[in-house]
Amino acid sequence: MDMSRRTVIAGAAAAGIGAATLGSAHATGGGAPVRSLFGTLPDGTKVYSWSLANGSTRMKVLSYGGVVQSLEVPDRRGRFANVSLGFRSLDDYVASSPYFGALIGRYGNRIGKGRFTLDGRTYQVDVNDGENSLHGGAKGFDKRVWDVEPFTKGTDVGLHLYYTSLDGEMGYPGTLRVKVTYTLTKYGDWRVDYAATTDRATVVNLTSHAYWNLAGEGSGTIENHELKIDGSRYTPVDAGLIPTGELARVAGTPFDFRRSKAVGEDLRAAHQQLLYGKGIDHNWVLDKGISARPEWVATLKDPSSGRTLRIATTEPGLQFYSGNFLDGTLVGTGGRVYRQGDGLCLETQHFPDSPNRPSFPSTVLRPGQTYRSTTVHSFTR
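Just so it is clear, the structure is predicted and the values come from calculations on it, not from any experiment.

**Quick notes on the overall build of the protein**
Piece 1. Of regular secondary structure, the protein possesses two helices and 30 strands.
Piece 2. Counting every position in the protein, which comprises 381 residues, the buried fraction comes to 57%.
Piece 3. Residue pairs at least 24 apart in sequence account for 68% of intrachain contacts in the protein once pairs closer than 6 positions are excluded.
Piece 4. With the model as given, the accessible surface of the protein reaches about 14600 Å², and the carbon-plus-sulfur share is 47%.
Piece 5. Averaging the positions of the 43 positive and the 37 negative side-chain charges in the protein gives two centres separated by 4 Å.

**What about the pairing of strand 30 (residues 371–380)?**
Piece 1. Across the 10 residues of strand 30, eight count as buried, placing the element largely inside the fold.
Piece 2. Taken together, the seven bridges between strand 14 (residues 190–198) and strand 30 define a ladder with antiparallel strand orientation. Paired with arginine 191 across the two strands is valine 376, which belongs to strand 30.
Piece 3. By the bridge criterion, six bridges tie strand 24 (residues 308–313) to strand 30 in an arrangement that is antiparallel. Its bridge partner being in strand 30, isoleucine 311 is matched across the sheet by histidine 377.

**Points about the layout of surface pockets**
Leftover empty space is mapped by rolling, across the atoms, a probe with the size of a water molecule.
Piece 1. In this structure, the second largest pocket occupies an estimated 410 Å³ of space.
Piece 2. If you go around the second largest pocket, you meet 18 residues; those closest to its centre are Pro98, Tyr99, Arg110, Leu134 and Phe325.
Piece 3. Grouping the constituent residues of the lining of the second largest pocket by class yields seven nonpolar, seven polar and four charged.

**Side note on the side chain of asparagine 324**
Piece 1. Mapping asparagine 324 onto the fold places it in the loop between strand 25 (317–321) and strand 26 (330–331).
Piece 2. Residue classification places asparagine 324 among the buried residues on the basis of a relative accessible area of 7%.
Piece 3. Reaching out from asparagine 324, the side chain makes a polar contact with the backbone oxygen of isoleucine 280 at a distance of 3.1 Å.
Piece 4. What asparagine 324 contacts, discounting residues up to four positions off in sequence, is Gly277, Lys278, Gly279, Ile280, Asp281 and Gln340.

**Focus: the sheet that holds strand 25**
Piece 1. The strand order across the open sheet built from six strands is 17-28-25-22-19-20, with neighbouring strands paired in antiparallel fashion. For this open sheet the edge positions go to strand 17 (211–212) and strand 20 (248–249), each flanked by a neighbour on one side alone.
Piece 2. Where strand 25 lies against strand 28 (residues 344–349), five bridges are found, and the strand directions are antiparallel. Looking at strand 28, one finds that phenylalanine 320 is bridged to leucine 346.

**Brief notes about the sheet that holds strand 13 (residues 176–184)**
Piece 1. Taken in spatial order, the nine strands make up an open sheet running 11-12-13-14-30-24-23-18-21, and their pairing is antiparallel. With one partner strand each, in any of the chains shown, strand 11 (147–153) and strand 21 (261–262) form the two edges of the open sheet.
Piece 2. Where strand 11 meets strand 12 (residues 156–165), seven bridges bridge the pair, whose relative direction is antiparallel. If you follow threonine 152 over to strand 12, its bridge partner there is valine 157.

**Some words on the packing of aromatic side chains**
Piece 1. Applying the stated criterion across every chain yields a total of 21 aromatic pairs.
Piece 2. Ring plane angle 80° and centroid distance 5.9 Å describe the contact between phenylalanine 141 and tryptophan 146, whose orientation is recorded as edge-to-face. In this structure, phenylalanine 141 and tryptophan 146 share a single accessibility class: buried.
Piece 3. Feature note: the residues Phe87, Tyr93, Phe100, Tyr211, Tyr321, Phe325 and Tyr338 constitute an aromatic cluster, connected by ring pairs.

**Considerations on the environment of asparagine 82**
Piece 1. With respect to the helices and strands, asparagine 82 occurs in strand 5 (residues 80–82).
Piece 2. With near-sequence residues (within four places) excluded, asparagine 82 lies in contact with Gln69, Ser70, Leu71, Glu72, Gly216, Glu217 and Thr333.
Piece 3. Looking at asparagine 82, its side chain comes within polar contact range of the main-chain nitrogen of serine 84, at 3.1 Å.

**A few points about the nonpolar core**
Piece 1. The biggest cluster of nonpolar side chains holds 55 residues, and the ones touching the most others in it are Leu71, Tyr182, Trp190, Trp212 and Phe320.
Piece 2. In this view, leucine 71 contacts Thr57, Arg58, Met59, Ala81, Asn82, Val83, Ser84, Trp190, Trp212 and Phe379; residues no more than four positions away in its chain are not counted.
Piece 3. If you look at the next biggest cluster of nonpolar residues, it comprises 20 residues, including Val67, Phe87, Leu134 and Leu326.

**Let's talk about the pairing of strand 1 (residues 34–40)**
Piece 1. Strand direction decides the pairing type here: strand 1 and strand 2 (residues 46–54), joined by six bridges, are antiparallel. In the strand pairing of strand 2, threonine 40 is matched with lysine 46.
Piece 2. Taking the residues between adjacent antiparallel strands as the criterion, strand 1 and strand 2 are bridged by five residues, where glycine 44 takes a positive phi near 95°.

About the criteria used
Residues numbered from 1 in each chain as written. Predicted model: local features only at pLDDT ≥ 70, side-chain atom pairs only at ≥ 80, totals over all residues. Heavy atoms only, no water. Helix = DSSP H or I, 4+ residues; strand = E, 2+ residues; numbered from the N terminus. Buried < 20%, exposed > 50% of the residue type's maximum accessible area, 1.4 Å probe, protein only. Contact = heavy atoms within 4.5 Å. Areas by Shrake-Rupley, 256 points an atom, 1.4 Å probe, with all protein chains shown as cover. Lys, Arg positive; Asp, Glu negative; His and termini not counted. Charge placed at Lys NZ, Arg CZ, Asp CG, Glu CD. Pairing = 2+ DSSP bridges. 1 Å grid on protein atoms, 1.4 Å probe; cavity = no way out; pocket = protein on both sides within 12 Å on 5 of 7 lines; lining within 4 Å. Points joined across faces, edges and corners; volume = space filled by probe spheres on them. Nonpolar A, V, L, I, M, F, W, Y, C, P; charged D, E, K, R; others polar. Polar contact = N/O pair within 3.5 Å; in protein donor to acceptor, adjacent residues only side chain to side chain. Phe/Tyr/Trp six-rings, centres within 6.5 Å; stacked < 30°, edge-to-face > 60°. Core = buried A, V, L, I, M, F, W, Y, C linked by side-chain atoms within 4.5 Å.

Given below as structure tokens:
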């Protein structure tokens, strides 16, 4: 992996994977996205829900946080289920969401002590996870209302989401103009394209925080799901879940998913890293490194339903979070309580605390550059 490559591709969009390599062989078209009122924030701002369908995938997306409220795909018998954890009401998202389905920024994952130095100046960003900053601070992109523009293009349907993060928001320098595109292809693949520009040097790390349960949200544990990650190393953390700077080999540890295995197989091993995270909450160093085109990096399968999720990305890292902090206090879209391990996240990203780790791939974005990142979620059965 080339650790010197940067997070930006200036002047050209990241190219996608050829359609022939994605999704099911049974492709069907979809209609234009449909908007409906989802709720109203205390300040009177209206939040809308957008319904999309294409191939064998159905989605609902909120203008609040760019949240994927639901994503439905069929099992091996053709029966649909929502495989993404979420809430029924806007009030629940505002009051208590652990980032269900949300767009994450300005910096996904953690920054140690919420502090970093850039071009000789030290910045203090919002601290909201003990002494650290998590997912952009207490009011990150997941809690902002995005402007949404629906589109149809050929056989694709989707949404363009726009948000401008002003200079100083949550302590970050520079006005950042963000565009995220959600596309449902005729094969039912969900593609996410991120783009951003800035007027001052800043740090950027955008991702999606979808929680997956391929048996259906609210159906119980994901420990029987089978997972494969194309990463030979990971970034160990300290007690605050901040990387130590080491790129440790997964061989001989509970973090070895180079061959598909059940998520729960080693989840209760007596390993210090699992104790720190109360399970898995770690970043994998993907073998492919940064790539100009999305490349396959992970496969998640539910043997009971036959549903399989494959993930391709341009990013160098993948945060696997095993739902350790779901505590039985949240009621999901299906009316059932979410308990520990009832969903998992596979967040494509640059590494946590990269602004404080010069040896990690850079997350610095400068004026005149364009941040670009692409991730594709492909569903089969």
